[in-house]
Amino acid sequence: MEPTLVLFSGLPGCGKTTLARGVAQQFRIPLFSKDRVQRVLRDHVPEATGMDGYHLMLDLAEEQLGLGIPVVLDAVFPLMELRQVARVMAARHGAQWRPIVCHYSEEELYRRRLEERVQYTPGWTPLGWEEVERVRTYYQPWPDGEALALDAVEPIEANFARLVDYLR
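Residues numbered from 1 in each chain as written. Predicted model: local features only at pLDDT ≥ 70, side-chain atom pairs only at ≥ 80, totals over all residues. Heavy atoms only, no water.

**As for helix α3 (residues 50-66)**
Cut-off, in case you're wondering: Under the DSSP-based scheme used, a helix requires at least four consecutive residues in state H or I and a strand at least two consecutive residues in state E, with every element numbered from the N terminus. To estimate the expected span of a helix, subtract one from its residue number and multiply by 1.5 Å. Per-residue accessibility, obtained with a 1.4 Å probe over protein chains only, is compared with the maximum for each type, and a residue is labelled buried under 20%, exposed over 50%, and partly exposed between these values. To be clear, the arc concerns the directions from the helix axis to the C-beta atoms. The contact rule is simple, with two residues in contact once any of their heavy atoms fall within 4.5 Å.
For α3, spanning 17 residues, the distance from its first C-alpha to its last is 25 Å, which sits close to the expected 24 Å at 1.5 Å a residue. Every buried residue belonging to α3 is among G53, Y54, M57, L58, A61, Q64 and L65, and all of these are buried. For α3, the buried positions fall inside an angular range of 130° around the axis, keeping them on one side. Those residues of α3 hidden inside the fold are in contact with β1 (4-9), β2 (31-33), α2 (34-44), β3 (71-74) and α4 (80-92). G68, located one to two residues past α3, shows a positive phi value of around 80°.

Here is the structure:
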């Protein structure tokens, strides 16, 4: 795969990490997950903030892109400002920009699946429904057509197939 910045965004528990891990494995490219970065910061830099986790992820991604290596970022990316930093970084390195936004179109299914989701990061407690509601208050939606939108109501295999087509 040529240099590409694949950015997964969306509210907590919408399948971002599952899909991001699948992309990283399928294409054999580095993955930086905010949960993992934030867990290390929590354990070793107690004064670090959530924004510090984003800045660290983006810096790690920039190093990969500077080497001509594609990279996957997995985080909520709630603010347009953070997404713009990533987009500009991709352009600066001549990398393709491939944003993905994951969401649920059915609220009740979302709530139920949030309680059953897979935990990929050791020592990190996934966010619950209360946190989803809190993040919704400041999450800035993507403009229509600006990112590949994947609805977690669809089977994971169907979303992954759409994602692979988008990345090729």
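**Overview of the sheet that holds strand β4 (residues 96-103)**
Each strand in a sheet pairs with another by means of backbone hydrogen bonds, the pair being arranged parallel or else antiparallel. Where we set the bar: Only when DSSP finds a minimum of two bridges between them are two strands counted as paired. Every angle, taken between N-to-C directions, lies between 0 and 180 degrees, and every axis is a line fitted to C-alpha atoms, over only the stretch in contact when it is a helix.
The strand order across the open sheet formed by 5 strands is β2-β3-β1-β4-β5, and the pairing between neighbours is parallel. The open sheet has two free edges, formed respectively by β2 and β5 (148-151), since each of these has just one partner strand. Strand-to-strand twist in this sheet, taken as the mean axis angle between neighbours without regard to direction, amounts to 20°. This element, helix α1 (residues 16-27), spans β1, β2, β3, β4 and β5 of the sheet and lies at about 170° to β3. Against the sheet, helix α7 (residues 156-167) makes contact with β1, β4 and β5, and its axis sits at roughly 170° relative to β5, the strand it touches most.

**Concerning the packing of aromatic side chains**
Counted only if it meets this: In this scheme Phe, Tyr and Trp rings, the latter by its six-membered ring, pair at centre separations within 6.5 Å, and the angle between planes marks the pair as stacked below 30 degrees, edge-to-face above 60, and tilted otherwise. Should the NZ of a Lys or the CZ of an Arg lie within 6 Å of a ring centre and within 35 degrees of the ring normal, that charge is described as sitting over the ring.
Under the definition given, this model contains 3 aromatic pairs. Plain terms: the ring middles of Y104 and Y110 are 4.6 Å apart, the flat faces sit at 15° to each other, and that makes the pair stacked. In this structure, Y104 and Y110 share a single accessibility class: buried. Where Y110 meets W129, the ring centres are 5.0 Å apart and the plane angle is 80°; that geometry is what we call edge-to-face. Here the residue Y110 occupies a position in helix α5 (residues 107-116), and W129 occupies one in helix α6 (residues 129-136), the gap between them amounting to 19 residues. Look at Y110 and you get buried, because its relative accessible area is 1%. Classification of W129 by relative accessible area gives buried; the value is 15%. The structure contains a cluster of three or more aromatic residues connected by ring pairs, namely Y104, Y110 and W129. Positioned above the aromatic ring of Y139, the side-chain terminus of R83 is 5.2 Å from the ring centre.

**Structural notes on the pattern of salt bridges**
Threshold: The salt bridge criterion pairs a side-chain nitrogen of Lys or Arg with a carboxyl oxygen of Asp or Glu, the two atoms within 4 Å.
For the structure shown, the criterion picks out 7 salt bridges. For R42, the salt bridge goes to D43, with nearest N and O atoms at 2.8 Å. With a relative accessible area of 41%, R42 lands in the partly exposed category. Ionic pairing is found between E133 and R136, a salt bridge with its closest N-O pair at 3.1 Å. Pair noted here: E133 and R136 are both in helix α6, with a separation of 3 residues, about one helical turn. Look at E133 and you get partly exposed, because its relative accessible area is 32%. Each of R39, R42 and D43 takes part in a single network of salt bridges with overlapping partners.

**Some words on the nonpolar core**
For clarity, the cut-off: Residues grouped as a nonpolar core are buried Ala, Val, Leu, Ile, Met, Phe, Trp, Tyr and Cys residues, joined through side-chain atoms within 4.5 Å.
If you look at the biggest cluster of nonpolar residues, it comprises 50 residues, and the most contacted ones within it are L5, F8, L73, F77 and L163. For this core, the element with the most residues is α3, which contributes 5 residues. Apart from the residues lying within four places of it in its own chain, the contact partners of L5 are A61, L65, V71, L73, A86, M89, A90, A95, Q96, W97 and R98.

**Here we look at unusual backbone geometry**
Even without being glycine, R28 reaches a positive phi, approximately 55°. Structurally, the position occupied by R28 is in the loop between α1 and β2. Among the residues examined, R28 registers a relative accessible area of 69% and is labelled exposed. Even without glycine at this site, F77 takes up a positive phi of about 45°. Note on placement: F77 falls in the loop between β3 and α4.

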